[in-house]
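Chain and residue survey
Chain residues, written in single-letter form:
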Amino acid sequence: MNSSPSIPALAGLDVRCVGVIGAGQMGIGIAQVCAAAGFEVWLNDLTGERIDAGLAKISESLSRLMAKQVIEEEVGRMALTRLKPAYGIQALEPCDLVIEAATENEKVKRSIFETICPVLRPEAMLATNTSSISITRLAASTDRAERFIGLHFMNPVPLMRLVEIIRGIATEDAVFQSASAFVDKLGKAAVVSEDYPAFIVNRVLLPMINEAIYTLYEGVGTVTSIDDAMRLGANHPMGPLQLADFIGLDTCLSIMQVLHEGLADSKYRPCPLLVKYVEAGWLGRKTKRGFYDYRGDAPVATR
């Protein structure tokens, strides 16, 4: 699907209805902030059970934010009325913008684009929340490279202000302007990144995390000593190994592989210990074990 349909040039698309594909941690966070900002939101995933579970988590999150007076009760209640389950991909047809927020796997993302493109209106924009993969390459697998853009939200989405905006080589100026206006309406701060592996945040952050894992691997320090050193010595709010568990060790590995393959520099080689943890299925918080064991009352370092 490399050819683009014959469609009129954009004069700037006004986004009112947003589709989100992926009801995981990132997807539900994106859906929540979009609904809170006044957009109609359709949430889609592979199964109805995942969609329902995602909507339930959004409801819980909004309730917590209202209870803590982070958002006004009226804002939270109205956000819930704007959230709708998209049990079939066809439900995303009316969306002005669809954001893919699936796992950080290029094959999976391409499969999603192949499914969604025939459903969307010709003028609809398509975005990916990828944290590392080439926007240009993903765009080329769609029927709308000119209307494709990267919108990389930070985790957790409701609390983190930043969104990286990444243009592909074919992205139209009007699409970039519409995407920028959309991010502004969400109350987020945008930075523009060139389309290089891992963009800005993860180009800096993930090698640091990988180096912390090498420090553990080589026996320089324990999990707790490494995390304590960076929290107390560099004033980081969270230690790098704790942060890796929060991100997901599979995601960390995927990003390091993109950096290593895309930049062909040995300094980006994923640490063998990171590979081992992922092979073991110890992916961090989401599997209850990573550099910390989360199965008890309090996290316990695994090394």
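Treat the numbers as computed from the prediction; the structure is a model and nothing was measured.

Turning our attention to the state of the cysteines. By definition, a disulfide links the sulfur atoms of two cysteines through a covalent bond. Tallied over the full model, the rule gives zero disulfides. The closest cysteine sulfur to the non-disulfide-bonded C271 is located on C252, 12 Å from its own sulfur.

Cis geometry marks the peptide bond from N155 to P156, where omega comes out at 0°. Following the sequence through the fold, P156 ends up in the loop between strand 6 (148-153) and strand 7 (162-167). With phi around 60°, Q69 is a residue other than glycine that occupies positive phi space. Tracing the sequence through the fold places Q69 in the loop between helix 2 (48-67) and helix 3 (73-82). Of note, the phi angle at F199 is positive, near 60°, even though the residue is not glycine. Here F199 shows up in the loop between strand 8 (189-193) and helix 7 (201-217). Judged by its relative accessible area of 4%, F199 falls in the buried class.

Further remarks concern the pairing of strand 7. Note that strand 6 and strand 7 share five bridges and pair antiparallel. Its bridge partner being in strand 7, L151 is matched across the sheet by I165. By the bridge criterion, five bridges tie strand 7 to strand 8 in an arrangement that is parallel. Paired with V163 across the bridge in strand 8 is A190. You can see the chain leave strand 7, run along helix 6 (residues 173-185) and come back into strand 8, and the turn it takes is right-handed.

This brings us to the packing of helix 9 (residues 240-247) against helix 10 (residues 249-263). Relative to each other, helix 9 and helix 10 sit at 100°, their axes nearing to 6 Å. Judged by the angle between their axes, helix 9 and helix 10 are roughly perpendicular. Residue-level contacts link A244, D245 and I247 of helix 9 to L249, T251 and C252 of helix 10. Split by residue class, the contact of helix 9 with helix 10 holds four nonpolar, one polar and one charged.

Next up on the list: the nonpolar core. One finds L151, F153 and F182 to be the most contacted residues of the largest nonpolar core, which totals 41 residues. With seven residues, the top contributor of residues to this core is helix 1 (residues 25-36).

One open sheet accounts for eight strands, arranged 3-2-1-4-5-6-7-8; its pairing is mixed. Bordering the open sheet on either side are strand 3 (83-85) and strand 8, each of which pairs with just one other strand. Between one strand axis and the next, the sheet turns by 25° as a mean value, whatever way the strands run. Most of the contacts of helix 6 go to strand 7, to which it runs at about 175°, and overall it touches strand 1 (17-21), strand 4 (97-100), strand 5 (125-128), strand 6, strand 7 and strand 8.

Moving on: the UniProt feature "domain: 3-hydroxyacyl-CoA dehydrogenase C-terminal" (unreviewed entry) in the chain. Sites flagged by UniProt as "domain: 3-hydroxyacyl-CoA dehydrogenase C-terminal" (unreviewed entry) map to residues 199-294. As a span, residues 199-294 carries 61% helix and 2% strand, and end to end its C-alpha atoms are 31 Å apart.

Another aspect to go through is the pattern of salt bridges. Throughout the structure, instances matching the rule amount to 17 salt bridges. Ionic pairing is found between E100 and K109, a salt bridge with its closest N-O pair at 2.5 Å. Of the residues examined, E100 reaches a relative accessible area of 0% and is grouped as buried. When the shortest N-O distance is used, the salt bridge between E106 and R137 registers 2.8 Å. Residue E106 is located in helix 4 (residues 106-116), and its partner R137 is located in helix 5 (residues 135-139); the two are separated by 31 residues in the primary sequence. When salt bridges with common partners are traced through the structure, they connect D14, R16 and K185 into a single cluster.

Within strand 1, five of the five residues are buried, leaving the element largely enclosed by the surrounding structure. Assessed by its sense of winding, the connection that carries the chain from strand 1 through helix 1 to strand 2 (residues 40-44) is right-handed. Looking at chain direction, strand 1 and strand 4 are connected through four bridges and run parallel. Within strand 4, the residue paired with V20 across the bridge is I99.

Calculation rules
Residues numbered from 1 in each chain as written. Predicted model: local features only at pLDDT ≥ 70, side-chain atom pairs only at ≥ 80, totals over all residues. Heavy atoms only, no water. Disulfide = S-S within 2.5 Å. Helix = DSSP H or I, 4+ residues; strand = E, 2+ residues; numbered from the N terminus. Buried < 20%, exposed > 50% of the residue type's maximum accessible area, 1.4 Å probe, protein only. Pairing = 2+ DSSP bridges. Right-handed = clockwise from strand over helix to strand, strands pointing away. Axes fitted to C-alpha atoms, helices over the stretch in contact; angles between N-to-C directions. Parallel < 35°, antiparallel > 145°, perpendicular 65-115°, else oblique. Contact = heavy atoms within 4.5 Å. Nonpolar A, V, L, I, M, F, W, Y, C, P; charged D, E, K, R; others polar. Core = buried A, V, L, I, M, F, W, Y, C linked by side-chain atoms within 4.5 Å. UniProt positions renumbered as here; feature names shortened; annotations may be inferred. Salt bridge = Lys/Arg side-chain N within 4 Å of Asp/Glu carboxyl O.

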